[in-house]
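If you want the building blocks of each chain, they are given just below.
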Amino acid sequence: MTESRHPDIAVGERVYGYLPMASHLDVLPGRVSAGGFSDTAEHRQPMSPVYNSYTRLAADPEHDPAREAERMIFGPLFRTGFLIEYFLRGEGWFGASVARHSSPQIRRIGLTSQGNVAFVAASGLYDAVVAYDDLERVASLRSVSVDFAGNAELLARIHRHFEDALAHSALVGATHIEARSVFGKNEPLPGPKPQLFFAPDHAVAFFKAHGAEEGGRLVAAAWREFLKAAEGTIAIERRAGLEAAREVFATMVAGQIDPAKGIVIEP
């Protein structure tokens, strides 16, 4: 905080949340507690509460000053992964699973581009790693698909390959921007209808079910386990300023960033 007009928030206090790539952010703090606050500015209210919530690091169970770079890089999608696991576990895994820690008897397969196979395999986070072109070599056993790519053609191949063995199809992200389209636009997909997994809604439900304190403890415990598992998978590279952010963003969108680099932009 560089300036504060709220009696309970001090200048110099540090917070964690979804912040813009900008030099400053003005917020109107509301629902202030020892653990955090929400931005109650009117123009922000159409957004999910998740995007308006800020955690005060002094009371944050996930915070480790030595691992701030890893949190900036992994944190948002780690929580998405945590919520996906929580959802699948609540559904009895649909008879399958993608979570090794909670169901070690189930094979987890990472599906990625040919150029990223070596990196993903080296992470040790999957039982097997398969390139997109080799999808049809995967045994057609009861499975769950969690799609971060948003590539309609690839998802159709997954559905056609597994057919009725596909127990659930979750749509999470769209990293393949150039390949987005309406799923099943031309013909119905075999197997279950893909379901959008909107992490902010699941986050609201999770913390409503467990409460802020217990929910935070559960997430923090899982985060620490993830950090152990992901140790050494990336090398942190720090760059300074908005111009560096612009350059990195453009390079990343072009698919030219080494996945073994974790780039952190600092003021």
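Preceding this paragraph is the structure being described.
Note on numbering: residues in each chain are counted from 1, in written sequence order. pLDDT decides what is reported in this predicted model: residues at 70 or higher carry local features, side-chain atom pairs at 80 or more are listed and counted, and totals for whole chains, interfaces and linings draw on all residues regardless. For the side-chain quantities, the full set of heavy atoms in the structure was used; hydrogens and water were omitted.

Student: Can you help me understand the sheet that holds strand 9 (residues 195–196) in this one?
Tutor: Note on sheets: strands pair through backbone hydrogen bonds, and any given pair is parallel or antiparallel. Two strands form a pair only when DSSP identifies at least two bridges running between them. Only DSSP runs of H or I reaching four residues or more are called helices, and only runs of E reaching two or more are called strands; each is numbered from the N terminus. Taken in spatial order, the three strands make up an open sheet running 7-8-9, and their pairing is parallel. Both edges of this open sheet fall to strand 7 (143–147) and strand 9, since each of them pairs with a single strand only. Sheet analysis places strand 8 (residues 166–171) next to strand 9, joined by two bridges and oriented parallel. Across the sheet, residue Leu171 finds its bridge partner in strand 9, namely Leu196. Contacts: residue pairs with any heavy atoms within 4.5 Å of one another. All axes are obtained by fitting lines to C-alpha atoms, using only the stretch in contact for helices, and the reported angles, taken between N-to-C directions, cover 0 to 180 degrees. Strands in contact with helix 3 (residues 152–162) are strand 7 and strand 8; relative to strand 8, the strand with the most contacts, it is inclined by about 170°.

Student: Please explain the packing of helix 4 (residues 199–210) against helix 5 (residues 212–230) as it appears in this structure.
Tutor: Where helix 4 meets helix 5, the axes come as close as 6 Å, and the angle between the chain directions of the two elements is 115°. Seen along the crossing, helix 4 lies across helix 5 with a hand that is right-handed. Side by side, helix 4 and helix 5 meet where Phe206, Phe207 and His210 of the first sit next to Ala212, Glu214, Gly215, Gly216, Leu218 and Val219 of the second. Here a crossing is taken to be left-handed if its near helix is turned anticlockwise relative to the far helix by less than a right angle, and right-handed if that turn runs clockwise.

Student: What should I look at first to understand the nonpolar core in this one?
Tutor: One broad trend across soluble globular proteins is that nonpolar side chains are buried collectively. Counting 18 residues, the largest nonpolar core has Phe82, Leu83 and Leu88 as the members making the most contacts within it. Of all elements in the fold, only helix 1 (68–90), helix 4 and helix 5 reach the threshold of two or more residues within this core. For this core, the leading source of residues is helix 1, giving six residues. Leu135, Ala149, Leu154 and Leu171 belong to the second largest nonpolar core, which has 11 residues in total. We call a set of buried residues a nonpolar core when its members are Ala, Val, Leu, Ile, Met, Phe, Trp, Tyr or Cys and they connect through side-chain atoms within 4.5 Å of each other. Accessibility here uses a 1.4 Å probe with only protein chains present; expressed as a share of the type maximum, an area under 20% marks a residue as buried, one over 50% as exposed, and anything in between as partly exposed.

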